[in-house]
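Breakdown of the fold
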Amino acid sequence: MENRKKLLTAGFLTLIAAGIGFAVRAGLLDIWSRQYGFTMTELGQITGGGLLGFGLVILFAGLLFDFVGYKTLLILALVCHAVSAVMLFSATPVFNADGKDAVYNIMFWSAFIFAVGNGICEAVINPLTAAIYPEQKTHYLNILHAGWPAGLVLGGLIVFLKGSVGWEILLATYLIPTAMYGFISFKETFPKTSAQEGTISYGGMFTTLIGPFFVILLIAHACVGYVELGTDSWINKITGGILSSAFLGTALFIYTSLLMTGLRFFAGPIVHKISSLGLLLISAIVGAAGLYLISIGDSVPFMFFAATV
C-alpha cells in the first residue's frame with residue numbers, strides 16, 4: 001500500500017500514547033496518595049484497573065476486527081482515550097463534592113477505559129503491520145513496538161514536571177499522540193483483513209490458537225507481562241526506594257526504556273540470523289541474569305549496570 005508508512009506511524013503513535021499514560025500514572029501515585037488519601041492497596045487497585053481492561057479487550061477485539069475493520073476499531077480506541085481524559089479532569093471536583101470513594105471510582109474507571117483503548121489499539125496494530133509489510137513482518141513489528149518504550153521515556157520525562165504543573169495536565173499529555181493517530185485513522189484508507197480477503201479461514205485461525213506451542217507462548221507472555229507491567233506500575237517507588245532517590249528512580253526507568261527503544265529498531269536483523277526462538281532464549285538468559293543482579297544491587301552505579309543487563 002502507498003500509505004503504509006502513515007499507517008505504521010499511526011500504530012506507533014498508539015503505543016506512544018499508551019506508554020506516556022502508563023509512565024505518568026506510575027509517577028503520580030504519591031501525589032494521589034497525598035491529595036485524595038488513597039492507601040497503597042487502593043492505588044494498586046487503580047493501576048490494576050489500567051491493566052485489566054487491556055488484557056480482556058485484546059482477546060475480544062482480536063475477534064472483532066475481522067468484522068468491523070481496522071479503521072472503526074482505531075476510532076473506537078480514540079473515543080476511549082478521550083473519555084478517560086475527561087474523567088481525569090473531573091477527579092478533583094468530584095473529590096471536593098463527594099469525597100474519596102467517589103474519586104476512587106473515577107480514577108479506577110478512567111484507568112480501565114484508558115486500558116480498553118490501549119487493548120483495542122494493540123489488537124489492531126499488530127495484524128495491520130503484518131498486513132502492510134508482509135515481506136518484512138518481524139522487522140516492522142519490532143519497529144512498531146519501539147513506540148511503547150519511547151512513550152515510557154516521554155512519560156518519565158513528563159513526570160519530572162510534577163509539582164510545578166497540575167497532575168491532570170501531565171497525565172493528559174497522552175492526548176497529543178492520541179489526536180495524531182486519530183487524524184491518520186480518519187484520513188487514511190486501511191487494507192482488508194486476511195479473513196475479509198478470504199486468504200485465511202476462522203477455522204484455520206482457531207486451529208492455530210489451540211495448538212500446544214501457541215499455548216506455551218501465551219502462558220510465557222503472560223508471565224513476562226506480569227513482571228514488566230505489574231512491576232513498572234510501581235517502578236518509581238521500587239527503584240526510588242532502592243536508590244534512596246525518586247529522581248534517580250525515574251532516571252533509571254527512563255534509561256532502561258531508552259535502551260529498549262533502541263534495541264527494538266535492530267531486533268529484526270538479529271532475528272533473521274538466529275531465529276525468533278534463538279533470540280527468545282538469549283533474551284531469557286540475559287534477562288534472568290539482569291534481574292538477579294538488580295536483586296543484589298546496593299549502589300547507584302551497580303544498579304544502572306544491572307538494569308542495563
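Once a new chain begins, its residue numbering starts again from 1 and follows that chain's sequence as written. Totals for whole chains, interfaces and linings use every residue, but because this is a predicted model, local features are given only for residues with pLDDT of at least 70 and side-chain atom pairs only at 80 or more, for both listing and counting. In computing side-chain properties, one takes all heavy atoms of the structure into account and sets aside hydrogens as well as water.

**Examining the nonpolar core**
Joining through side-chain atoms within 4.5 Å is the link that ties buried Ala, Val, Leu, Ile, Met, Phe, Trp, Tyr and Cys residues into a set, and such a set is a nonpolar core. Burial classes: relative accessible area under 20% of the type maximum marks a residue as buried, over 50% as exposed, and values in between as partly exposed (1.4 Å probe, protein chains only). The biggest cluster of nonpolar side chains holds 68 residues, and the ones touching the most others in it are Val24, Leu28, Trp32, Tyr36, Phe38, Met107 and Trp167. A total of 16 residues in this core trace back to one element, the largest contributor, which is helix α6 (residues 100-132). Here, two residues are considered to be in contact whenever any of their heavy atoms come within 4.5 Å of each other. Ignoring sequence-local partners within four residues, the contact set of Val24 consists of Gly155, Ile158, Val159, Leu170 and Leu171. We count a stretch as a helix when DSSP gives it H or I for four or more residues in a row; a strand needs E for two or more, and each element gets its number in order from the N terminus.

**Examining the environment of Arg25**
Within the element layout of this structure, Arg25 appears in helix α1 (residues 4-27). Between the C-alpha atom of Arg25 and that of Ile46, which follows or precedes it by 21 residues, the distance is 9.8 Å.

**As for a nonpolar patch on the surface**
The patches reported here contain residues having more than 30% relative accessible area and no salt bridge. Joining distances are 9 Å for like charges and 5 Å for nonpolar side chains (Val, Leu, Ile, Met, Phe, Trp, Tyr). Areas reported here follow the Shrake-Rupley algorithm with a probe of radius 1.4 Å; residue values treat only the protein chains shown as occluding. Should a side-chain nitrogen of Lys or Arg be within 4 Å of a carboxyl oxygen of Asp or Glu, the pair is scored as a salt bridge. On the surface, a nonpolar cluster with roughly 570 Å² of combined accessible area is contributed by Leu63, Phe206, Leu209, Ile210, Phe214 and Leu218. Structurally, the position occupied by Leu209 is in helix α12 (residues 202-209). Its relative accessible area of 38% is what places Leu209 among the partly exposed residues.

**Considering the pattern of salt bridges**
Per the stated rule, a full pass over the model turns up five salt bridges. Between Asp30 and Arg34 there is a salt bridge, with its nearest N and O atoms 3.8 Å apart. Remark: Arg34 and Asp30 occur in helix α2 (residues 29-36); sequence separation between them is four residues, near one turn of the helix. A salt bridge links Lys100 to Glu42; the shortest N-O distance between them is 3.0 Å. With Lys100 in helix α6 and Glu42 in helix α3 (residues 40-68), this residue pair connects regions lying 58 residues apart in the sequence. Each of Asp30, Arg34 and Lys162 takes part in a single network of salt bridges with overlapping partners.

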